[in-house]
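Single-letter residue listing:
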Amino acid sequence: MKKTILITGGAGFIGSHVVRLMVTKYPDYRIINLDALTYAGNLENLRDIEDRPNYTFIKGDITDEKALHQLFETYRPDGVIHLAAESHVDRSISDPLSFIRTNIIGTVNLLNAARDLWGSDLNGKRFYHISTDEVYGSLGSTGYFTEETAYDPRSPYSASKASSDHMVRAWYHTYKLPVVISNCSNNYGPNQFPEKLIPLAINNIRNKKPIPVYGKGDNIRDWLYVEDHANAIDLIFHTGKIGETYNIGGNNEWTNIALIRKLCQIMDKALNRKPGESEKLITFVKDRAGHDKRYAIDSSKLMNELGWKPSLQFEEGLEKTVNWYLNNEEWLNNIISGDYAKYYAQQY
Ligand code: NAD
Ligand code: TDX
């Protein structure tokens, strides 16, 4: 049977990789990409696949309950892969309400729309919610987040994602909606908006501007190449068990300062600069409020039960990412010449 899959947030960073994977790997699926095209949404991310016959883009906002119900009635999706969100921690500190609206209310609207369309006809139906490891809070120097770790979100962003995870589980238990959830660590790769650490640093190094490092640069993140996340999403969507949660991570922990130094080395080479030249741009700035110290994910459930494993070594992934940004300067210049400049001036 031909399936219709609704992907929300497909014009964003991770969503665009998921849309591309689904459209090209499953020509029999009809892929509907619903995205509000906020500052983070960019249809340039999907230019190469936009003419595929199994792909449809719809500009729409998940906070618009009525429009969402109409869309579900019209396209009657069998599956939902929900990525639409406000995703940047620093923006959540200055404007928490937009995170509450999209991440919590938007998610509940989607859950209701799926529940109302599917009713008791749940055969082949699935609602897949994409979430983050930040819901688990902050680790000390040892230990890992597992699927059993208690939720302890610290930022308005992570609290809104934690809340949406709880809503998804509530719809599973209360309305028997066939849900699955995954919580992933920090992603990096092509198409990431340059407010996030890695593309921000690449952009600033390229323009010989200071690289802002929060606090002492000793906070730790676990980095995963975005296509490895997209592959995990494909696997979990098709083979994950209903009602279950899967953690996804790269087993790849870096302090921010060590990561920035590595990036500087790669950029020196790529731009034919003298070794050590880009490192001079490193500038320590005021720490992020409530800055989580360390994230580290235990993905053994996903690896052992579903057979997933990341494909790229970090250095290789970083080089690919640097090359993508340097070869797509127009993409980057279009972003940094718009509202981004205003945002950046307020941040640093
Ligand atoms: P992003 O900010 O790059 O993209 C978000 C997309 O959602 C954009 O295209 C935007 O236009 C769209 N959107 C925002 N509000 C909307 C609304 N109200 N209605 C419809 N569309 C809307 O985000 P990302 O980094 O690609 O993250 C995607 C998802 O993955 C999010 O749910 C995020 O919490 C989760 N996640 C991200 C990471 C990461 O490292 N980036 C890690 C783990 C989980
Ligand atoms: O300029 C910067 N300087 C800096 O030191 C920025 C933008 C960040 N940082 C630090 C803060 C973090 O410790 O780098 C680390 C990474 O920061 P971000 O790229 O903003 O990511 P993070 O806050 O860890 O959250 C990301 O990973 C989990 C995504 O934005 C979330 O959407 C995802 O859920």
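Criteria and cut-off values
- Residues numbered from 1 in each chain as written.
- Chains lettered and ligands numbered in written order.
- Predicted model: local features only at pLDDT ≥ 70, side-chain atom pairs only at ≥ 80, totals over all residues.
- Heavy atoms only, no water.
- Pairing = 2+ DSSP bridges.
- Helix = DSSP H or I, 4+ residues; strand = E, 2+ residues; numbered from the N terminus.
- Axes fitted to C-alpha atoms, helices over the stretch in contact; angles between N-to-C directions.
- Salt bridge = Lys/Arg side-chain N within 4 Å of Asp/Glu carboxyl O.
- Buried < 20%, exposed > 50% of the residue type's maximum accessible area, 1.4 Å probe, protein only.
- Core = buried A, V, L, I, M, F, W, Y, C linked by side-chain atoms within 4.5 Å.
- Contact = heavy atoms within 4.5 Å.
- Phe/Tyr/Trp six-rings, centres within 6.5 Å; stacked < 30°, edge-to-face > 60°.
- Polar contact = N/O pair within 3.5 Å; in protein donor to acceptor, adjacent residues only side chain to side chain.
- Near = heavy atom within 4 Å.
- Areas by Shrake-Rupley, 256 points an atom, 1.4 Å probe, with all protein chains shown as cover.
- Nonpolar A, V, L, I, M, F, W, Y, C, P; charged D, E, K, R; others polar.
- Expected span 1.5 Å × (residues − 1).

*Asks:* Help me out: how do you make sense of the sheet that holds strand β6 (residues 179-184) in this one?
*Replies:* In a beta sheet, neighbouring strands are held together by backbone hydrogen bonds and run either parallel or antiparallel to one another. With parallel pairing, seven strands are arranged side by side in an open sheet as β3-β2-β1-β4-β5-β6-β10. Every other strand in the sheet has two partners, leaving β3 (55-59) and β10 (245-248) as the edge strands with one partner each. Recorded for the sheet is a direction-independent mean angle of 20 degrees between the axes of neighbouring strands. Relative to β10, β6 runs parallel, the two being bridged by four bridges.

*Asks:* Just to check I follow, could you spell out the pattern of salt bridges for this structure?
*Replies:* Where charged atoms from two side chains of opposite charge come close, those side chains can pair. Applying the stated rule across the entire model yields 18 salt bridges. For Arg20, the salt bridge is made with Asp48, and the minimal N-O distance between the two is 2.8 Å. Here Arg20, found in helix α1 (residues 13-25), pairs with Asp48, found in the loop between β2 (30-35) and β3; they are 28 residues apart in sequence, far enough to count as distant. In this structure, Glu244 and Lys301 form a salt bridge, with 2.6 Å as the shortest nitrogen-oxygen distance. Of this pair, Glu244 sits in the loop between α7 (226-239) and β10 while Lys301 is found in helix α9 (residues 300-306), placing the two residues 57 residues apart along the sequence. Residue class for Glu244 comes out partly exposed when judged on its relative accessible area of 26%. On the basis of relative accessibility, which here comes to 16%, the residue Lys301 falls in the buried class.

*Asks:* Whenever I open this one, the nonpolar core confuses me. Can you help?
*Replies:* If you look at soluble globular proteins, the nonpolar side chains tend to sit buried side by side. Ranked by size, the top nonpolar core spans 34 residues in total, and within it Ile198, Ile211, Leu318 and Tyr340 carry the most contacts. Those elements giving two or more residues to this core turn out to be α6 (197-206), β8 (211-214), β9 (220-225), α8 (256-270), α10 (314-327), α11 (329-336) and α12 (340-347). When residues of this core are assigned to their parent elements, the largest contribution, seven residues, is made by α8. Apart from the residues lying within four places of it in its own chain, the contact partners of Tyr340 are Phe193, Pro194, Glu195, Leu200 and Ile335. In this structure, Ile14, Val23, Leu46 and Ala230 belong to the second largest nonpolar core, which totals 33 residues.

*Asks:* Help me out: how do you make sense of the packing of aromatic side chains in this one?
*Replies:* Each aromatic ring pair is characterised by the separation of its centres together with the angle its planes make. Within the structure shown, the criterion is met by 17 aromatic pairs. Here Tyr340 and Tyr344 contribute two aromatic rings whose centre-to-centre distance is 5.9 Å and whose plane-to-plane angle is 40 degrees, an arrangement assigned as tilted. Within this pair, Tyr340 and its partner Tyr344 are both found in helix α12, separated by four residues, close to a single helical turn. A relative accessible area of 14% places Tyr344 in the buried class. A connected cluster of aromatic rings, assembled from ring pairs, spans Tyr39, Phe193, Tyr340, Tyr343 and Tyr344.

*Asks:* Would you take a moment to explain the sheet that holds strand β11 (residues 253-255) for this structure?
*Replies:* Reading across the sheet, the three strands line up as β7-β9-β11 and stay open at both edges, with mixed pairing between neighbours. In the strand order of this sheet, the two ends are held by β7 (186-188) and β11, each with one partner. Each adjacent strand pair in this sheet contributes to an overall mean axis angle of 50 degrees, direction not counted.

*Asks:* Honestly, the side chain of Ser299 in this entry has me stumped. Any pointers?
*Replies:* Structurally, Ser299 can be placed in the loop between β12 (282-285) and α9. A distance of 3.1 Å separates a polar atom in the side chain of Ser299 from the backbone nitrogen of Gly249. In this structure, Ser299 is in contact with Asn247, Ile248, Gly249 and Trp308, ignoring residues within four places of it in sequence.

*Asks:* Would you mind going over the site of ligand 1 with me for this structure?
*Replies:* With respect to spatial proximity, 28 residues lie near ligand 1, and among them Ile14, Asp35, Ser87, Tyr157 and Lys161 are the closest. Contacts to ligand 1 include Leu37, whose backbone N or O atom sits 3.5 Å from an oxygen atom. For ligand 1, a nitrogen atom lies 3.1 Å from a polar atom in the side chain of Thr102. Summarising the interface, the protein chains cover 96% of the accessible area of ligand 1, which totals 840 Å² for the free molecule. Taken together, the elements giving at least two residues each to the shell around ligand 1 come down to α1, β5 (126-132), α5 (156-175) and β7. Examining the composition of the shell around ligand 1, we find that three residues originate from one element, β5, more than from any other. When grouped by side-chain class, the residues that make up the shell around ligand 1 number 13 nonpolar, twelve polar and three charged.

*Asks:* What's the story with α8 in this structure? I'm lost.
*Replies:* One turn of an α-helix holds 3.6 residues; hence residues three or four places apart share an orientation. Between the first and last C-alpha of α8 there are 21 Å, a value that for 15 residues agrees with the 21 Å anticipated at 1.5 Å per step. Residues of α8 that are buried: Asn256, Ile257, Leu259, Ile260, Lys262, Leu263, Cys264, Ile266, Met267 and Asp268. On its buried face, α8 sits against α6, β8, β9, β11, β12 and α10. Downstream of α8 by one or two residues, Asn272 has phi in the positive range, about 55 degrees.

*Asks:* Explain the site of ligand 2 to me, please; I cannot follow it from the model alone.
*Replies:* Around ligand 2 lies a shell of 21 residues, among which Thr132, Glu134, Tyr157, Arg288 and His291 are the nearest. In this structure, an oxygen atom belonging to ligand 2 sits 2.8 Å away from a main-chain N or O atom of Ser87. At 2.6 Å from an oxygen atom of ligand 2 is found a side-chain nitrogen or oxygen belonging to Glu134. Where the shell around ligand 2 is concerned, the elements lending two or more residues are α6 and β8. Tallying contributions element by element places β8 first for the shell around ligand 2, with three residues. Within the shell around ligand 2, the residues separate by chemical class into nine nonpolar, seven polar and five charged.

Any functional reading would require information beyond the geometric quantities listed.
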